[in-house]
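Each chain, letter by letter, is given below.
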Amino acid sequence: MAAFIVPFMFFYNAALLMQADWLEVARACATAVFGAFLLSAGVQGWFIGARAVWFLRVGLVAAALMMIEGSLATDLTGLGAAAAILFVQRLLKPREAAAIRVRGAD
């Protein structure tokens, strides 16, 4: 899955092609690697040593897609979402069969 997303990273962020100053290139490379990690964690279902619940997996994929665009605002949003997912996974420890109850959908 990440192999299909990486070309879009090059399209949206020219710093990955080394067409910027060194600080911008370093930030783009770091966030691209972390975004690919988040994408693979969301698709495979494992995030930092533990199995992720389905809604955390959706959040991981969303955080990874935010990091594709390459602007500072979307990178920080993606990093914040990943930190929130890690917080939920480590401290709240949702069960694997966790479901969100919906009332009135019968």
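Residues numbered from 1 in each chain as written. Predicted model: local features only at pLDDT ≥ 70, side-chain atom pairs only at ≥ 80, totals over all residues. Heavy atoms only, no water.

Engineer: Mind showing me how you'd approach the overall build of the protein chain here?
Structural biologist: Each helix and strand in the protein chain was counted, giving four helices and two strands. Secondary structure elements of the protein chain, listed N to C terminal, follow the sequence α-α-β-β-α-α. When the backbone C-alpha atoms are referred to their principal axes, the protein chain occupies close to 50 × 30 × 25 Å. Classification of the 106 residues of the protein chain by burial places 29% in the buried group. For the protein chain, the share of sequence-separated contacts (at least 6 apart) that also reach a separation of at least 24 residues comes to 57%. Put simply, the protein chain shows about 6,900 Å² of open surface, and 69% of that area lies on carbon and sulfur atoms. Each charge sign in the protein chain was given a centre, from 8 positive and 6 negative side chains, and these centres are 18 Å apart. (Helix = DSSP H or I, 4+ residues; strand = E, 2+ residues; numbered from the N terminus. Buried < 20%, exposed > 50% of the residue type's maximum accessible area, 1.4 Å probe, protein only. Contact = heavy atoms within 4.5 Å. Areas by Shrake-Rupley, 256 points an atom, 1.4 Å probe, with all protein chains shown as cover. Lys, Arg positive; Asp, Glu negative; His and termini not counted. Charge placed at Lys NZ, Arg CZ, Asp CG, Glu CD.)

Engineer: Before we go on, may I ask you to explain helix α3 (residues 54-66) in this structure?
Structural biologist: Residues three or four positions apart in an α-helix share a direction because the helix packs 3.6 residues into each turn. For α3, spanning 13 residues, the distance from its first C-alpha to its last is 19 Å, which sits close to the expected 18 Å at 1.5 Å a residue. Of the positions making up α3, those classed as buried are Leu-56, Leu-60, Ala-63 and Ala-64. On an axial view of α3, the arc spanned by its buried residues comes to 100°, and they lie on one face. Against the buried residues of α3 lie α2 (22-44), β1 (46-47) and α4 (72-92). (Expected span 1.5 Å × (residues − 1). Arc of directions from axis to C-beta.)

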